[in-house]
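Reading the structure
The chain contents come next:
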Amino acid sequence: MRHPLVKVALLYTTGLLLAEWFPLSLPALLGMGFLLCIGAFVWERARPWLLIPLIIAVGYANLISRTAVSSPKDLRLSLTNGPVDGALRGRLVTAPSVRTHWRGTEPTFRTLAVMEVTAMRNKTDWLPASGQVMTTTPADLSGQVFNGTEVEVAGIIAPPPDPVAPGLFDYHAYLRRQGIYFQLKADGTSSWHVLGEAKPTMSDRFIAWSQRVLEHGLPEKDEPLRLLEAMTLGLQTGLNNDVYAPFTQSGTMHIFAISGLHIALIAALLVAVLRGARMPRNGCGWVVIPLIWFYTGATGWQPSAIRSTIMMTIIIGGWSLGRPSDLLNSLAAAGLVILVWQPQQLFQASFQLSFFVVLSIALLMPPLEKLLNKWLAHDPLLPRDALPRWRRWLEVPLRWLAMSLATSLAAWLGSLPLTAYYFHIFSPVTLLANLLIVPLSSAALACNLGALLCGTWLPWAGELFNNAAWLWMRWMVGLSEWSAALPGAFSYVPSPPAWGFIAYYLLLIGCLSGWFFRKENFRWTFTALATVLTVFGWAWHTARNETTLTVIPLSGGHAVFADEPGRANDWLIDCGNSNAVTFVTLPFLHAQGVNTLTHLALTHGDLQHIGGGAMFIRAFPTRQIVLSPIRFRSATYRSITELLEQLPERQRVTQRGDILGHWQILHPEESDRFPQADDASLVMLGEFYGSRVLLLGDLGRPGQEELMLNVTNLQADIVITGLPEQTEALCNGLLERVKPKLIIVADSEFPATKRAPPALKNRLAKQSARVLYTRTTDAITLRFTPDGWSTRLMREPGTNAVDSALSFADEADDP
């Protein structure tokens, strides 16, 4: 049987998917499995057929057993009423990971560590508890606590935050896939108490020693050195997303995960050295496999490293025993081992990318190799000696270059939908960047390994290796920035739908394997193409006749993104403060596939609404910035206007009555004077397929009266308002003029002044219109079509959630 483990892996994976989509009780699954085992044992003729549901049931039961509540002490039974101010005792099961964020030139630190909980204090009593919790502390705890340290930590215990808007990183789901359902937010180092001895582990000692070795002979700990430590040891301290951005945009970020590339290179170097020393194959296996497992353990047992080491163990084991190599079978064996050990990994982005890339190389390289051999082959009747000398000299490097490009192409094609889904990026420059950067990363990693082997007993050689590695990394940084800056190097794209995944992989495999081009398969080919084109045409027609407005809460402020067909009339009204721009507004626009914004409107001088305006204008290509005719006194607003004075062609100062696309400016005028900035907020009225939307910003009572005095027709189906500082939003007189069917109040949990007051809630509850508060729903998406309008909420009111403003930095920590 060819590839026997592939069929087993597919059946087992089917069980995991069924458990995710249709969870059943564990006793029922165990009973079903027992009956299938008895049937397969007794009924010999049906045994091959009974093994199929049995393998599916094993995967089904494994995932359910890992995720079901099986203990009365489970934290999921104790923490059911929202956030709790308490404390936890337990043992750290991961080494503390320190992340650095920069506020201007000042670094701030955040330490993440997973704790295996044994007890919980709620108010005064300590009670037994079980489960894993992610602890988050705004301080650097490195060197104070270690993996295995018994600790007691006080803070706010709550479920991880859900994303506040569509397309943002789902930190809740990310942790849940690791069996972590709660996080504890500590105030600082004073919230931590070590109960036993804080003793560094072997991994901690190895990494500390490795850092000293890799830094030997270098004048300072600069960015290339930190990147080298991240690539070789998996350390992220001192680096932020801005450093990694060029590598992400050029599609070379994978070189900083201790993954298949690292493990394969280390194994290849070790095998080359040992084979050069005349060691037989089986001896190489006995030496290389323990050494790569040592490296995996010494660098902290990172999941990506474990996956790669398992796969390399299987491949090297088969090679050392003289067994014929089969990449697909080895891949299936590695996948089975990993998914039996941790079935939740199937739903993690890193697992999917790792295996899809290797699977793509295994499936796509044979047809690509055939094409390359056909293009590079010379006349078979012509002796090689008769070829021109230049042709013979170029044959080897050309073949190497072609094979490298084919491998990069196969990996890129295989990972394309996944990178679009998880990272919202399409990066064709990846083919060029990987061709240049991967060899340099291999050289840098080899130099670092050479420095570690030299250690402290041969310091002059280690210094030579370190300087060479620094040079390679410096070139890698330069090449990544150069390739990311090329025209058309990358673009942001929305997540593809499920049917897009299926169609893409079917077409890719069918074309490269030649199956679609066989005469006997013509009908199937025509049917598949017609189906894909029909579904694509239907999706395009639907999007062409649809406009969406998304109201995004931004911790005291809010933004509204209007996405009309095409990109010519897209609007972003306000952008939030600098924290919101970094962690919400920009990632949200990227997730929608927006690469250039046509209009940015800054409604008024409130820091919570436009504090990150200058940062946004510098970071995101924006054609026109629309401003109120009122000049606000806030320093932040003045800094934005000073920046726009240098860009006069992009600035547009509006007046009452101006019409910009589907939007009309209703308020204010340049002559208006108000004591509060909120009363001078831009008021905009939009109309989409006959439905009218009124955006009030933070308009206070004096501004509302001025609006009613100067505008005759204020009727709208939907009204969106923030909360003014001094007065109350949406007075009764304005509601009578507007007559809305839906009222959206953009409020938030923090700061407390931006929570909708009870008096406002009671007054709006008497209206016939439906009222939604972003404090309880997060983002609200309005969809307008020729048939009418509808709403979609990120979170149903009444579900527990942690204020997202406190979690912006956490969400950015884990890609």
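For clarity, every value in this text was computed on a predicted model and none was experimentally measured.

What counts and how
Residues numbered from 1 in each chain as written. Predicted model: local features only at pLDDT ≥ 70, side-chain atom pairs only at ≥ 80, totals over all residues. Heavy atoms only, no water. Helix = DSSP H or I, 4+ residues; strand = E, 2+ residues; numbered from the N terminus. Buried < 20%, exposed > 50% of the residue type's maximum accessible area, 1.4 Å probe, protein only. Contact = heavy atoms within 4.5 Å. Areas by Shrake-Rupley, 256 points an atom, 1.4 Å probe, with all protein chains shown as cover. Lys, Arg positive; Asp, Glu negative; His and termini not counted. Charge placed at Lys NZ, Arg CZ, Asp CG, Glu CD. Pairing = 2+ DSSP bridges. Axes fitted to C-alpha atoms, helices over the stretch in contact; angles between N-to-C directions. Expected span 1.5 Å × (residues − 1). Patch = residues over 30% accessible without salt bridge, like charges linked within 9 Å, V, L, I, M, F, W, Y side chains within 5 Å. Salt bridge = Lys/Arg side-chain N within 4 Å of Asp/Glu carboxyl O. Right-handed = clockwise from strand over helix to strand, strands pointing away. Phe/Tyr/Trp six-rings, centres within 6.5 Å; stacked < 30°, edge-to-face > 60°. Core = buried A, V, L, I, M, F, W, Y, C linked by side-chain atoms within 4.5 Å. Parallel < 35°, antiparallel > 145°, perpendicular 65-115°, else oblique. Left-handed = near helix turned anticlockwise from the far one by under 90°. pLDDT = per-residue confidence, 0-100. Polar contact = N/O pair within 3.5 Å; in protein donor to acceptor, adjacent residues only side chain to side chain. Nonpolar A, V, L, I, M, F, W, Y, C, P; charged D, E, K, R; others polar.

With that settled, the discussion passes to the overall build of the chain. Check the secondary structure of the chain and you find 27 helices and 24 strands. Overall size of the chain, expressed as C-alpha extent along the three principal axes, is 95 × 75 × 70 Å. Out of the 815 residues in the chain, the part that is buried amounts to 49%. Looking at the chain alone, contacts between residues at least 24 apart form 71% of all its contacts between residues at least 6 apart. Of the roughly 39000 Å² that the chain leaves accessible, carbon and sulfur atoms contribute 62%. For the chain, the distance from the average site of its 64 positive side-chain charges to the average site of its 62 negative ones is 10 Å.

This part is about the sheet that holds strand E17 (residues 663-667). Strand order in this open sheet of 7 strands is E16-E17-E18-E19-E20-E21-E22, and the pairing throughout is mixed. Strands at the two margins of the open sheet, each flanked by one partner only, are strand E16 (659-660) and strand E22 (770-773). Lying over the sheet, helix H23 (residues 701-710) contacts E17, strand E18 (683-688) and strand E19 (691-697), oriented at roughly 115° with respect to E17. In the packing of helix H25 (residues 758-765) onto the sheet, the strands contacted are strand E21 (742-745) and E22, and the crossing angle to E22 comes to about 155°.

Our next topic: the pairing of strand E10 (residues 547-554). A regular strand carries its side chains on alternate faces of the sheet. Among the 8 residues that make up E10, 8 are buried, leaving the element largely enclosed by the rest of the structure. Of the two faces of E10, the one holding Thr 547, Leu 549, Val 551 and Pro 553 and the one holding Thr 548, Thr 550, Ile 552 and Leu 554 are both buried throughout. Here E10 runs beside strand E23 (residues 780-785); their pairing, made up of 5 bridges, is antiparallel. Bridging across to E23, Thr 548 finds its partner in Arg 783. Pairing analysis gives 7 bridges linking E10 to strand E11 (residues 557-563), with the strands arranged antiparallel. Each residue of the ladder has a partner; that of Thr 550, found in E11, is Phe 561. Count of turn residues in the E10/E11 antiparallel hairpin: 2 residues, of which Ser 555 carries a positive phi of about 45°.

Moving on, we come to the sheet that holds E10. Spatially, the 8 strands line up as an open sheet ordered E15-E14-E13-E12-E11-E10-E23-E24, and their pairing is mixed. The outermost strands of the open sheet, each flanked by one partner alone, are strand E15 (651-653) and strand E24 (788-793). With strand direction ignored, the average angle separating the axes of adjacent strands in the sheet is 20°. Of the strands in this sheet, strand E13 (597-602), strand E14 (622-627) and E15 touch helix H22 (residues 635-645), which is tilted by about 130° from E14.

Turning next to helix H12 (residues 327-341). With 15 residues, H12 should reach 21 Å at 1.5 Å per residue; the first-to-last C-alpha distance of 21 Å fits that figure. Within H12, the full set of buried residues consists of Leu 328, Asn 329, Ser 330, Leu 331, Ala 332, Ala 333, Ala 334, Gly 335, Leu 336, Ile 338 and Leu 339. Of the surrounding secondary structure, the elements contacted by the buried residues of H12 are helix H1 (4-21), helix H3 (47-67), helix H11 (303-320) and helix H13 (349-376).

Taken together, Phe 34, Leu 35, Ile 38, Phe 41, Val 42 and Trp 43 make up a surface patch of nonpolar side chains, about 760 Å² in accessible area. Structurally, Leu 35 is set in helix H2 (residues 26-42).

Here strand E20 (residues 718-721) shows two buried faces, one formed by Ile 718 and Ile 720 and the other by Val 719 and Thr 721. Taken together, the 4 bridges between E19 and E20 define a ladder with parallel strand orientation. By the bridge assignment for E20, Val 693 is matched with Ile 718. After leaving E19, the chain enters H23 and then returns to the sheet as E20, a path that is right-handed. Where E20 lies against E21, 4 bridges are found, and the strand directions are parallel. Looking at the pairing, Ile 720 lines up with Ile 744 of E21. In this view, the connection linking E20 to its parallel neighbour E21 by way of helix H24 (residues 732-738) has right-handed handedness.

The next thing to look at is the packing of aromatic side chains. Counted under the stated rule, the structure contains 18 aromatic pairs. A ring pair is formed by Phe 356 and Tyr 505, whose centres lie 5.3 Å apart and whose planes are at 35°; its orientation type is tilted. Here the residue Phe 356 occupies a position in helix H13, and Tyr 505 occupies one in helix H17 (residues 498-512), the gap between them amounting to 149 residues. On the basis of relative accessibility, which here comes to 30%, the residue Phe 356 falls in the partly exposed class.

Counting 35 residues, the largest nonpolar core has Leu 572, Leu 589, Leu 600, Leu 602 and Phe 616 as its most contacted members. Mapped by element, the contributors of at least two residues to this core are E10, E11, helix H19 (578-591), E13, helix H21 (613-619), E14 and H22. It is H19 that provides the largest number of residues to this core, a total of 6 residues. In this structure, Ala 267, Ile 292, Met 476 and Val 477 belong to the second largest nonpolar core, which totals 33 residues.

Between helix H8 (residues 241-249) and helix H16 (residues 459-484), the least distance of the axes is 8 Å, while the angle of their chain directions is 60°. The orientation of H8 relative to H16 falls into the category oblique. Remark: the crossing between H8 and H16 carries left-handed chirality. Contacts between H8 and H16 involve Pro 246, Phe 247 and Gln 249 from the former and Met 476, Val 477, Ser 480, Glu 481 and Ala 484 from the latter.

On to the confidence of the model for the chain, then. Taken over all residues, the pLDDT of the chain has a mean of 85, while the share at 70 or more is 95%. Across the chain, element-level confidence peaks in E20 with a mean pLDDT of 95 and bottoms out in helix H27 (residues 808-813) with 41. Below pLDDT 50 for its whole length, residues 801-815 participates in 46 contacts with residues either more than four positions away or in separate chains.

The subject of this paragraph is unusual backbone geometry. Phi is mostly negative for residues that are not glycine, and the peptide bonds are mostly trans. A cis amide bond, omega 0°, links His 667 with the succeeding residue Pro 668. Inspection of the secondary structure assignment puts Pro 668 in the loop between E17 and E18. The backbone phi angle of Lys 739 is positive, close to 55°, even though this residue is not glycine. Position of Lys 739 relative to the elements: it lies in the loop between H24 and E21. Given the relative accessible area of 53%, Lys 739 is considered exposed.

Moving on, we get to the environment of Ala 528. Turning to its location among the elements, Ala 528 is positioned in helix H18 (residues 522-544). Judged by relative accessible area, Ala 528 falls into the partly exposed class, the value being 24%. Put simply, Ala 528 and Phe 516 are 12 residues apart on the chain and 9.5 Å apart in space, counted from C-alpha to C-alpha.

We now examine the side chain of Ser 628. Summarising the element assignment, Ser 628 is placed in the loop between E14 and H22. When its relative accessible area of 0% is taken as the criterion, Ser 628 is described as buried. At a separation of 3.1 Å, a polar atom in the side chain of Ser 628 contacts the main-chain amide nitrogen of Ile 630. Excluding residues that lie within four positions of it along the chain, Ser 628 makes contacts with Leu 602, Thr 603, Tyr 637, Val 653, Thr 654, Pro 668, Ala 680 and Leu 682.

Next up on the list: the packing of H13 against helix H14 (residues 389-423). Contact geometry for H13 and H14: axes closest at 8 Å, N-to-C directions at 145°. The two elements H13 and H14 meet at a crossing, and its hand is right-handed. For the contact of H13 with H14, the per-class residue count stands at 21 nonpolar, 7 polar and 3 charged.

Here we come to the pattern of salt bridges. This structure, assessed with the given rule, holds 17 salt bridges. A salt bridge links Lys 754 to Asp 698; its shortest N-O distance comes to 3.5 Å. Taken as a pair, Lys 754 in the loop between E21 and H25 and Asp 698 in the loop between E19 and H23 lie far apart in primary sequence, 56 residues in all. We classify Asp 698 as buried; its relative accessible area is 1%. Since its relative accessible area comes to 4%, Lys 754 is described here as buried. Here the salt bridges do not stand alone but share partners, grouping Glu 215, Lys 221 and Glu 229 into one network.

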